[in-house]
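Summary of structural features
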2 protein chains.
Amino acid sequence: MYSCIGPLGQGVANAVGLALAEKHLAARYNKPDCEVVDHYTYVILGDGCQMEGIANEASSLAAHWGLGKLIAFYDDNHISIDGNTEIAFSESVDARFEGLGWHVIWVKNGNTGYEEIRAAIEEAKAVKDKPTLIKVTTTIGYGSPNKANSYSVHGSALGAKEVEATRKSLSWPHEPFHVPEDVKKHWSRHVPDGAALEAEWNAKFAEYEKKYPEKAAELKSIITGELPAGWEKALPTYTPEAPADATRNLSQQNLNALAKVLPGLLGGSADLASSNMTLLKMFGDFQKSTPEERNVRFGVREHGMGAICNGIACHTPGLIPYCATFFVFTDYMRAAMRISALSEARVIYVMTHDSIGLGEDGPTHQPIEHLASFRAMPNILMLRPADGNETAGAYKVAVLNRKRPSVLALSRQKLPQLAGTSIEGVEKGGYIISDNSSSNKPDVILIGTGSELEIAVKAADELRKEGKAVRVVSFVSWELFDEQSNDYKESVLPSAVTARVSIEAGSTFGWEKIVGVKGKAIGIDGFGASAPAGKIYKEFGITMEAVVAAAKEVS
Amino acid sequence: MYSCIGPLGQGVANAVGLALAEKHLAARYNKPDCEVVDHYTYVILGDGCQMEGIANEASSLAAHWGLGKLIAFYDDNHISIDGNTEIAFSESVDARFEGLGWHVIWVKNGNTGYEEIRAAIEEAKAVKDKPTLIKVTTTIGYGSPNKANSYSVHGSALGAKEVEATRKSLSWPHEPFHVPEDVKKHWSRHVPDGAALEAEWNAKFAEYEKKYPEKAAELKSIITGELPAGWEKALPTYTPEAPADATRNLSQQNLNALAKVLPGLLGGSADLASSNMTLLKMFGDFQKSTPEERNVRFGVREHGMGAICNGIACHTPGLIPYCATFFVFTDYMRAAMRISALSEARVIYVMTHDSIGLGEDGPTHQPIEHLASFRAMPNILMLRPADGNETAGAYKVAVLNRKRPSVLALSRQKLPQLAGTSIEGVEKGGYIISDNSSSNKPDVILIGTGSELEIAVKAADELRKEGKAVRVVSFVSWELFDEQSNDYKESVLPSAVTARVSIEAGSTFGWEKIVGVKGKAIGIDGFGASAPAGKIYKEFGITMEAVVAAAKEVS
């Protein structure tokens, strides 16, 4: 099992993802005579986690999905950084969890009540249709005579004097870091026990492989994370004659094509499946009684969704979770997305309605600064494909980047299939889709991403009619372009050509890096507006005419 | 009352903020013989809002604070965009809210049970120590024979044919937009009723003004939002001889100075008051039984905190809410911060521990891309002061920007009081703090923000020793600098001087705009690390030596 890092409530959601993964894989691969997937998921959470909204989101889903093998220990110590939790937290956590549908057990003496804790775990295991919350009432800093039960043991060391006093009060005579023989002996039993369990599982799996060779091969590929040979041939490609379509629809074609060849692909949307176009048509819903299915219904819980996907991705290398909402609502799940990046978790974020082009829903729903904000985030790939080939390229990149999450920004509105776009181009991040210049010296370079690449193409046509040598560059992923060789970069954006115009229906923040001080970035630096897409584009000057005018200005 | 916009659960938290504001102002200004602040706060929320974590965070606080005049109608229609909510939402909302400490009422016939609804409101008003959730079970699209009780009435119009059928089923014979006489007459009564209520309140306030002139003047200033004359004189200033201090501590000096002169200033932290340094020392905690106090304890609920502050800011123009957490955890509350910007709500975001300089907590706690991500967001001021004078300047700007939220990025670590910094400088966003060149032609311009301005100053000293003409620019707010005249900008960053080096312990994303293609931006584009601050700065090359070397390279 890989490690996930979840601060401030995210750990609860990570655990729900781990338990979901177990339930899903068990349902798909276990046979009555051979249960090869079978484990509990334990999570320890504190008062602070309980206050965080994400923990409530994930806990609601855990009960809905009937994750009976999820056991949460709630360290009920009544202390957080600001002191006693009574200053901000007076709800009944027990009643809330019962309302959410959990089985709740209260261990009143969490400091020394080992038998009570063992009994609670046994009880939790016996409840198979619900997750269990074991509320364990403890004293923070137990044993420290002067600092126990206070915030001063939350984030700081005890200090030499108090360590001394604590040793005395706990009758602990040993030197620091000394492990007494009897303790060592007691714990060392886990080494042979663990080895025996591993041998037992290996034998079981060998039997499984003999009886169910196909299933075993598939499960093995999920466990190792090895992609099936030739999987990328499933990616659809498009000619310019193919019908115009929204990249959110093209994304669904990719997801459905990939689900056939990638056994670990599963995911869903935060109550926008029919807008995000994320349903896998050959599968049903992952639910309490149908956990073998691969469409996950997250409800309106973006933050929980992201962190649950982190848990799934960290459970087994071959599981490839995707999740979806409107691009602007990445704001609700940004903390989980950053943890994807930091944990090197391959989560695919399918983010549709990626600009003012979504139209009437207006500025609360129209992303502006979001592309820039993810381009600035470390170890995450921000991809904004322009058409079918680029959407396929974005999925290829997302699947191949095993240690990096990807964000796909996709359009609500229809876009034409453009000449010159390709999967290979996307893999380089930025590439030339058309050029009528020679010797790497165009008069002007027009750079577009996503839905605005079409506008750049039209502007180029117009400028070429007037005799200009124009290059059009698709800049689908800044991060991937940054990783190319200097020679390649120079072949796309020659430093001698300072006449550059970029167009993107989003913040221009950061574009100076690409267009330089002499270039011009066309974009939107204020909030959007509510109107049909065409009208908003005109209103905000995201037009072919604006690109032509800017190109003449800079060249 | 101003308008707040709260999608996806934020409206619940906005309402909690409105109800908090009422309870607080009522406690401070009402007299037993003259209650000038007295209103209920009503909020309507749907199934989707109930799934969102932020709604649970805010609802937990509403009960904790005993907001008895908050009445929430939960439109329990079982339909969200993806269809019947049973696919993702099977908890007992009633039990959860009872666990949170709310009074819960169930109106079973929300379609036509007007008397039941009226009775529920009366019951809710009678419960004075708890907020009330009125669960109103309804049929979405009630009256539409073919689309009622389905997701197809959530986000789309009925269409002409179904409108016709609905008219028939509801026996509504009138033309579109026609208001029948009896309906008009019934509703028109609110015009004289409202005028009478207003006159009544005006008379009450006139009496209050006579009896309690000082209180009345203060309340009036909160209602109008007019700042007391000379308030800005309360801002502390510092000389270079003043002791080094963390800007989070300097921030607390400002907050405490301002609380004395700004009666509408109130706020707090998400369980980090003693780290964010946000306690107002002359006030106690805003709690159920002490609502007149001004320190708000939000618990570990960043998202709820931000949206509650939006509600406070939108309640009354003179209320100035501030809220605090570590800068990296803006990721948890970013959606609320964007709504501050979109709603033009003056919320002051006090964000401490603003870089790798926080040290041992490591990369989960170290912001990298956050400065860039807010610089890209419309209508929000990102301020990163370097010392005491700049912190005071940041507060001056934050208070004066009535239609814009401000984010203050503040250091955990001590910083010296620098020569040349000033409140006036901060108001311009970027300004020269030292320069040994003449005729606006330095050999090199060093640009720093926040904790790295000190490094730029030291590098300048070093370069000047070698005979260089060096300008040091503090770039505390990009947005404010952008708003200056071209002449002013040219006087600070002359276009002829392309030798520029910036230093900031964060992502370099966007800095090309300031340093140009020939300049150099020193920063950190990957995740941080866990170690003492000094060691991390060295490790990541955020050093005086790096600035000196870069300056030599570019000049």
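Residues numbered from 1 in each chain as written. Chains lettered and ligands numbered in written order. Predicted model: local features only at pLDDT ≥ 70, side-chain atom pairs only at ≥ 80, totals over all residues. Heavy atoms only, no water.

1. Thoughts on the sheet that holds strand 20 (residues 520-522) of chain B
Within a sheet, adjacent strands bond to each other through the backbone by hydrogen bonds, running parallel or antiparallel. Residue and element names in this part refer to chain B. Here is the rule we go by: Whether two strands pair comes down to DSSP finding at least two bridges between them. Where helices and strands are cited, they refer to DSSP runs of H or I of at least four residues and of E of at least two residues respectively, numbered from the N terminus. Here an angle of 0 to 180 degrees is reported between the N-to-C directions of two axes, which are lines fitted to C-alpha atoms, with helices fitted over the stretch in contact.
Strand order in the open sheet made by the five strands is 16-18-17-19-20, with mixed pairing throughout. The outermost strands of the open sheet, each flanked by one partner alone, are strand 16 (431-435) and strand 20. On average, each strand axis in the sheet is tilted by 20° relative to the strand beside it, whichever way the strands run.

2. A closer look at the relation of the copies chain A and chain B
As a reminder of what qualifies: The fit set for superposing copies consists of C-alpha atoms from residues with pLDDT of at least 70 in both; the fit itself is least squares. In what follows, residue pairs with any heavy atoms lying within 4.5 Å of each other are defined as contacts.
Least-squares fitting of chain A to chain B yields an RMSD of 0.0 Å, with the superposition described by an axial translation of 0.0 Å and a rotation of 180°. Put plainly, the chains are arranged around a two-fold axis. Mapped onto chain B, 99% of the interface residues of chain A are again interface residues, and the two copies thus contact each other with one and the same surface.

3. Focus: the sheet that holds strand 8 (residues 265-269) of chain A
Residue and element names in this part refer to chain A. Taking strand neighbours across the sheet as the criterion, the seven strands line up as 9-10-8-11-12-14-13 in an open arrangement whose pairing is parallel. The open sheet terminates on both sides in strands that have one partner only, identified here as strand 9 (285-286) and strand 13 (381-383). As defined by bridge partners, strand 13 adjoins strand 14 (residues 406-409) across three bridges and the pair is classed as parallel. Within the sheet, the bridge partner assigned to Leu 383 lies in strand 14 and is Leu 408. The strands touched by helix 12 (residues 302-315) are strand 8, strand 11 (320-326) and strand 12 (348-352); relative to strand 11, the strand with the most contacts, the crossing angle is about 170°.

4. Observations regarding the nonpolar core
How we decide: The definition of a nonpolar core used throughout is a set of buried Ala, Val, Leu, Ile, Met, Phe, Trp, Tyr and Cys residues joined through side-chain atoms within 4.5 Å. Throughout this description, buried means an accessible area under 20% of the type-specific maximum (1.4 Å probe, protein chains only), exposed means over 50%, and partly exposed covers the range between.
Among the nonpolar cores identified, the biggest contains 94 residues, and Leu 446 of chain A together with Leu 446 of chain B are the most heavily contacted of them. With residues up to four places along the chain from it excluded, the contact list for Leu 446 of chain A reads Ala 456, Ala 459, Ala 460, Leu 463, Val 470, Arg 471, Val 472, Val 473, Val 501, Val 547 and Ala 551 of chain A. With 81 residues, the next largest nonpolar core counts Leu 272 of chain A together with Leu 25, Val 93 and Met 377 of chain B among its residues.

5. So, the packing of helix 3 (residues 53-64) of chain B against helix 12 (residues 302-315) of chain B
Residues and elements named next belong to chain B. Here is the rule we go by: By definition in this entry, angles of less than 35 degrees are roughly parallel, angles greater than 145 are roughly antiparallel, angles of 65 to 115 are roughly perpendicular, and the rest are oblique. Throughout this entry, Asp, Glu, Lys and Arg are counted as charged residues, while Ala, Val, Leu, Ile, Met, Phe, Trp, Tyr, Cys and Pro are counted as nonpolar. The remaining residues, Gly among them, count as polar.
Between helix 3 and helix 12, the least distance of the axes is 8 Å, while the angle of their chain directions is 70°. Between helix 3 and helix 12, the angle falls in the class roughly perpendicular. Residues Ile 54, Glu 57, Ala 58 and Leu 61 of helix 3 form the contact with helix 12, whose participating residues are Glu 302, His 303, Gly 304, Ala 307 and Ile 308. Split by residue class, the contact of helix 3 with helix 12 holds five nonpolar, two polar and two charged.

6. Quick word on the interface of chain A and chain B
We apply this condition: Two parts placed together each lose some accessible area under a 1.4 Å probe, and adding up what both lose gives the buried area. What makes a salt bridge here is a side-chain nitrogen of Lys or Arg within 4 Å of a carboxyl oxygen of Asp or Glu, nothing more. In protein, a polar contact requires one atom able to donate a hydrogen and another able to accept it; more generally it is a pair of N or O atoms within 3.5 Å, and residues adjacent in sequence count only if both atoms are side-chain atoms.
Counting residues at the interface gives 75 residues for chain A, matched by 74 residues for chain B. Taking both sides of the interface into account, the surface hidden between chain A and chain B amounts to around 6400 Å²; carbon and sulfur atoms contribute 61%. Considering only the surface of chain A that becomes buried against chain B, Tyr 332, Arg 338 and Phe 509 of chain A emerge as the three largest contributors, covering 12% of it. In this assembly, chain A and chain B are joined by six salt bridges. A salt bridge links Glu 369 of chain A to Arg 338 of chain B, with the shortest nitrogen-to-oxygen separation between them at 2.8 Å. Seen at the junction of chain A and chain B, the total is 40 residue pairs in polar contact (both at pLDDT 80 or more). Listing elements by their share of the side of chain A that touches chain B, those giving two or more residues are helix 2 (47-51), helix 3 (53-64), helix 4 (93-100), helix 11 (273-276), helix 12, helix 13 (330-343), helix 14 (370-375) and helix 20 (512-515) of chain A. Sorting elements by how many residues they give to the side of chain A that touches chain B places helix 13 of chain A first, with eight residues.

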